[in-house]
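# Summary of structural features
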Amino acid sequence: MDSQVMTIAQVQLPVDEVLKIQKHRLMPSGVSVDELEKSGKRISVVTGIHGDELEGQYVCYELSRRIGEHPEALCGIVDIYPAMNPFGIDNITRGIPAFDLDMNRIFPGNHHGDMNEHIAAEIIKDMEGTNLCLDIHASNIFLTEVPQIRINELHKDILVPIAMKSNVDLIWVHGASTVLESTFAYSLNNRGIHTLVVEMGVGMRITEDYGNQLVDGIFALMADMGIWKGDVPKVRMPVVSNDETGNDVYYLNAPFSGIFFKERSHGSMVQAGERIGCVVNPLTGELLSEITAPGDGWLFTIREYPVVEEGSLMGRILKKSALEGMGH
Amino acid sequence: MKEEILYEIKGLYRDDFRVKGYRFGGGENSVCIMGSMRGNEFQQIYVCSQLIQKLKQLEEKGKIVDGEGILVIPCGNPYSVNVKKRFWTIDNTDINRMYPGYSLGETTQRIAAGIFEQIKDYRYGIQFASFYMPGNFVPQVRVMKTGMENIELAKQFGLPYVVLHHPRPFDTTTLNYNWQIWETDAFSIYTTSTSAVDKESAKQAVDAVLNFLSKQGIIQHRGYEGFISRVVESHDFVNVRTAFAGFFEKIAEAGERVDKGQILAKIVDPYTGDVRQEIVSPIEGIIAFAHNESMAYQNTAVYKLIAEENEA
Ligand SMILES: [Zn+2]
């Protein structure tokens with residue numbers, strides 16, 4: 001097996017530093033990249049576009065660790081990109097510090113644009129030849145999510161069947177929106193490079209169970225693509241929500257600014273009227289609001305960060321009707 | 001003048017979040033003027049305050065035409081201004097990327113919806129805007145090409161330039177774009193500065209708005225006639241980029257006319273003082289935008305020029 005760390009983009013910074021975007025390439029020895037790509041055997045695992053989302057760090061490490069245990073089973077290319085936004089990771093910042101810019105709003109980038117647009121364009125260029133890409137996110141610092149794949153309705157026919165094999169708990173197909181056209185995943189899917197957006201866990205933390213679950217899924221996908229001939233864990237059947245119209249999910253937004261205490265965990269089934277948490281005012285000692293489920297369903301998102309403002313999202317419930325349609 | 005709270009959210013440990021408006025005249029919703037929506041837009045607030053001063057005087061003298069209503073909102077985001085943070089305090093979202101808003105959504109969607117609800121039915125919408133890059137502008141009116149833009153009207157501000165801008169995917173959630181979609185003639189005015197108050201360009205912006213209002217028959221005012229605006233497309237701007245990072249030693253300023261081959265700035269090695277690059281003007285033209293920070297990154301568009309030969 002060949003294993004190599006490669007720089008895919010670099011920029012000189014003002015004061016004695018070079019910003020580099022790097023990847024780790026694992027592939028069998030004695031085979032050409034071209035040949036493997038042409039036979040559909042290149043997978044790219046990407047994370048760290050949002051610098052405060054760290055769940056993907058575990059996945060990147062665990063993936064190369066497990067491959068390293070059985071290098072003889074590797075039959076294709078595995079490219080691991082753990083840090084698309086190194087500044088953000090170093091600064092505990094979602095966006096790109098100094099620019100106050102969400103890196104997931106600048107794709108496909110521009111080779112002749114500014115530093116960040118240039119890097120984005122180089123990243124897209126490096127993805128050419130990839131047969132499947134996973135873009136791993138970790139929600140944000142506010143919300144915890146069950147492992148899920150989000151798919152733009154425009155790409156669902158191709159992506160849902162692939163996502164079914166990835167060992168996540170939920171596939172959420174959402175409506176198209178102009179704003180999302182500048183995301184990494186949209187840019188790649190638009191170029192015919194199949195890309196799955198994974199959301200799982202919570203920002204600033206690592207949830208080992210979720211990491212292992214997704215790594216299992218990646219091995220299943222790799223086996224399916226002919227990249228891996230070693231043992232493959234059995235994958236679970238996800239819930240699929242075809243939510244293009246936005247009717248499958250109840251959104252729980254805070255009615256008041258206050259401190260939110262969560263009382264239910266993400267992944268629990270809840271019934272109409274059941275308490276999920278409450279919003280309080282520690283200054284006056286008031287209970288400002290009891291947060292209850294508007295209907296029966298599956299609580300797949302819950303607020304982790306206690307401070308809320310009027311409007312802050314506290315949870316999402318997949319309606320029971322959407323679950324039943326699936327036979328769950 | 002009537003002061004009014006247009007939108008409000010109760011705070012927990014901070015004072016309530018309030019968006020205030022100042023109304024002049026009455027009757028029709030003739031023109032709405034929006035100031036800062038980001039925490040660093042001090043100049044945009046200042047311009048509104050100076051405009052409010054003028055409108056107060058005009059109103060006292062009975063110079064606001066009967067049946068014409070003017071609303072000025074100096075700041076749509078006091079929370080961010082007061083903590084000197086550019087975007088929203090808790091989640092770093094940008095209110096000017098949330099229009100038309102959603103009243104049942106997240107906080108900044110609610111704020112955008114709350115503001116938009118109050119201002120969407122105006123005939124004219126004027127926003128004092130800022131650019132995403134740090135720098136100084138030659139004063140200009142920007143109009144988004146949505147198919148509903150009105151260029152002739154934009155010229156009536158009498159600012160040196162009218163810039164036509166093709167919306168990119170993320171522009172569809174700005175106030176300017178949504179105003180146009182809701183059939184308001186919308187204009188974004190860029191003055192020289194953002195986080196530092198520039199009185200001279202603020203005065204020019206106030207004069208431009210008064211000039212516009214008077215030409216639309218909303219106020220009676222004789223003052224500044226301004227410039228005959230030159231119309232340029234934003235993609236006709238010539239970007240001059242840094243090839244290296246380092247200290248940015250500016251020589252030429254926004255608004256200056258420069259020759260082809262003229263040295264506009266230098267990039268200097270921050271440790272040794274060696275000149276890494278002389279930034280040279282590729283054309284003869286006017287500097288529409290100049291970077292104004294001491295350091296520049298590699299590939300930064302430190303100047304945007306308008307070519308001389310394009311002059312009508
Ligand atoms: Zn993310």
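Here the structure is a predicted model, which means the values were calculated and not measured. (Residues numbered from 1 in each chain as written. Chains lettered and ligands numbered in written order. Predicted model: local features only at pLDDT ≥ 70, side-chain atom pairs only at ≥ 80, totals over all residues. Heavy atoms only, no water.)

## Points about the domain arrangement of chain A
Residues and elements named next belong to chain A. Quick note on the threshold: Where each domain begins and ends follows an automated or database-derived domain assignment. What makes two residues a contact is simply this: any of their non-hydrogen atoms within 4.5 Å. Joining two parts hides part of their accessible area as seen by a 1.4 Å probe, and the buried area is that hidden amount summed over both. Within this document, salt bridges are pairs made up of a side-chain nitrogen of Lys or Arg and a carboxyl oxygen of Asp or Glu, the two lying within 4 Å of each other. Whenever two N or O atoms come within 3.5 Å, that pair is a polar contact, provided that in protein one can donate a hydrogen and the other can accept it, and provided that, for residues adjacent in sequence, both atoms are side-chain atoms. Per the convention used, a helix needs a DSSP run of H or I reaching at least four residues, while a strand needs a run of E reaching at least two, with both numbered from the N terminus. Note that Gly is not counted as nonpolar here; it falls among the polar residues with everything else outside the nonpolar set of Ala, Val, Leu, Ile, Met, Phe, Trp, Tyr, Cys and Pro and the charged set of Asp, Glu, Lys and Arg.
Its domain assignment divides chain A into domain 1 (2-243) and domain 2 (249-325). Here the C-alpha centroids of domain 1 and domain 2 sit 30 Å apart. Contacts between the two partners involve 16 residues from domain 1, matched on the other side by 15 residues from domain 2. Considering only the side of domain 1, the residues that lose the most area to domain 2 are Phe142, Leu143 and Thr144, jointly responsible for 39% of the buried surface there. Here domain 1 is connected to domain 2 by 1 salt bridge. The shortest N-O distance in the salt bridge between Arg316 and Glu145 comes to 2.7 Å. For the pair domain 1 and domain 2, the number of links is 8 residue pairs in polar contact (both at pLDDT 80 or more). At the level of elements, strand S6 (143-152), strand S7 (170-174) and strand S9 (239-243) are the ones that each hand at least two residues to the side of domain 1 that touches domain 2. Element by element, the count of residues in the side of domain 1 that touches domain 2 is highest for S6, at 6 residues. Classifying every residue of the side of domain 1 that touches domain 2 by side-chain character gives 9 nonpolar, 3 polar and 4 charged.

## A closer look at the interface of chain B and chain A
Listed per partner, the contact involves 34 residues of chain B and 35 residues of chain A. Buried area between chain B and chain A, summed over both chains or domains, comes out near 2800 Å², and the portion from carbon and sulfur atoms is 58%. When residues of chain B are sorted by the area they lose upon contact with chain A, Leu12(B), Ile90(B) and Tyr297(B) head the list and together hold 24% of the total. Between Arg110(B) and Glu310(A) there is a salt bridge whose closest N-O contact spans 3.8 Å. Between chain B and chain A we count 7 residue pairs in polar contact (both at pLDDT 80 or more) in total. Going through the elements one at a time, strand S1 (2-9), helix H3 (107-119) and strand S17 (295-296) of chain B are the ones with two or more residues in the side of chain B that touches chain A.

## Observations concerning the nonpolar core
Put simply, the rule reads: As used here, the term nonpolar core means buried Ala, Val, Leu, Ile, Met, Phe, Trp, Tyr and Cys residues forming a set that is joined through side-chain atoms within 4.5 Å. Summary of the burial criterion: residues with accessible area below 20% of their type's maximum are buried, those above 50% are exposed, and those between are partly exposed, where the area comes from a 1.4 Å probe applied to protein chains only.
Counting 37 residues, the largest nonpolar core has Val78(A) and Met222(A) as the members making the most contacts within it. Tallying contributions element by element places helix H7 (residues 208-225) of chain A first for this core, with 8 residues. When near neighbours in sequence (up to four residues on either side) are disregarded, Met222(A) contacts Ile43(A), Leu63(A), Ile67(A), Val78(A), Ile227(A) and Trp228(A). Counting 36 residues, the second largest nonpolar core, distinct from the first, contains Phe24(B), Ala154(B), Leu159(B) and Ile189(B).

## Regarding the side chain of Arg42(A)
Mapped onto the fold, Arg42(A) is located in strand S3 (residues 42-47). In this structure the side chain of Arg42(A) is engaged in a polar contact, spanning 2.8 Å, whose partner is the backbone oxygen of Glu128(A).

## Describing the packing of helix H2 (residues 55-69) of chain A against H7(A)
All names here are of chain A. The criterion, for reference: Think of each axis as a best-fit line through the C-alpha atoms, taken over the contacting stretch in the case of a helix, with angles from 0 to 180 degrees between the N-to-C directions. Angle categories: roughly parallel below 35 degrees, roughly antiparallel above 145, roughly perpendicular from 65 to 115, and oblique for all the rest. Take the far helix as your reference; a near helix turned counterclockwise from it by less than a right angle gives a left-handed crossing, and one turned clockwise gives a right-handed crossing.
The N-to-C vectors of H2 and H7 enclose an angle of 50°; their axes lie 9 Å apart at closest approach. With respect to H7, the element H2 is oriented oblique. Viewed along their axes, H2 and H7 form a crossing whose handedness is right-handed. Of H7, the residues touching H2 (which contributes Tyr58, Val59, Glu62, Leu63, Arg66 and Ile67) are Glu208, Gly211, Asn212, Leu214, Val215, Asp216, Ile218, Phe219 and Met222. Among the residues forming the contact of H2 with H7, the class breakdown is 9 nonpolar, 2 polar and 4 charged.

## Let's talk about the coordination of the zinc ion
All names here are of chain A. Stated precisely, the cut-off is as follows: Metal donors: N, O and S atoms at distances within 2.8 Å, or within 3.2 Å for Na, K and Ca, with water omitted from the atom set so that some sites may seem incomplete. Key to geometry: four donors with every angle between 85 and 135 degrees are tetrahedral; four donors are square planar and six octahedral where opposite donors lie over 155 degrees apart and all remaining angles lie between 65 and 115; all other sites are irregular.
For the zinc ion, every protein donor is listed as His50 (ND1), Glu53 (OE), Glu53 (OE) and His137 (ND1), and the spread of their distances is 2.0 to 2.3 Å. For the zinc ion, the 4 donor atoms are set out with angles of 56 to 149° between them, so the coordination reads as irregular. For the zinc ion, the donor residues sit on a single chain with the sequence spacing H-x2-E-x83-H. Residue class for Glu53 comes out buried when judged on its relative accessible area of 2%.

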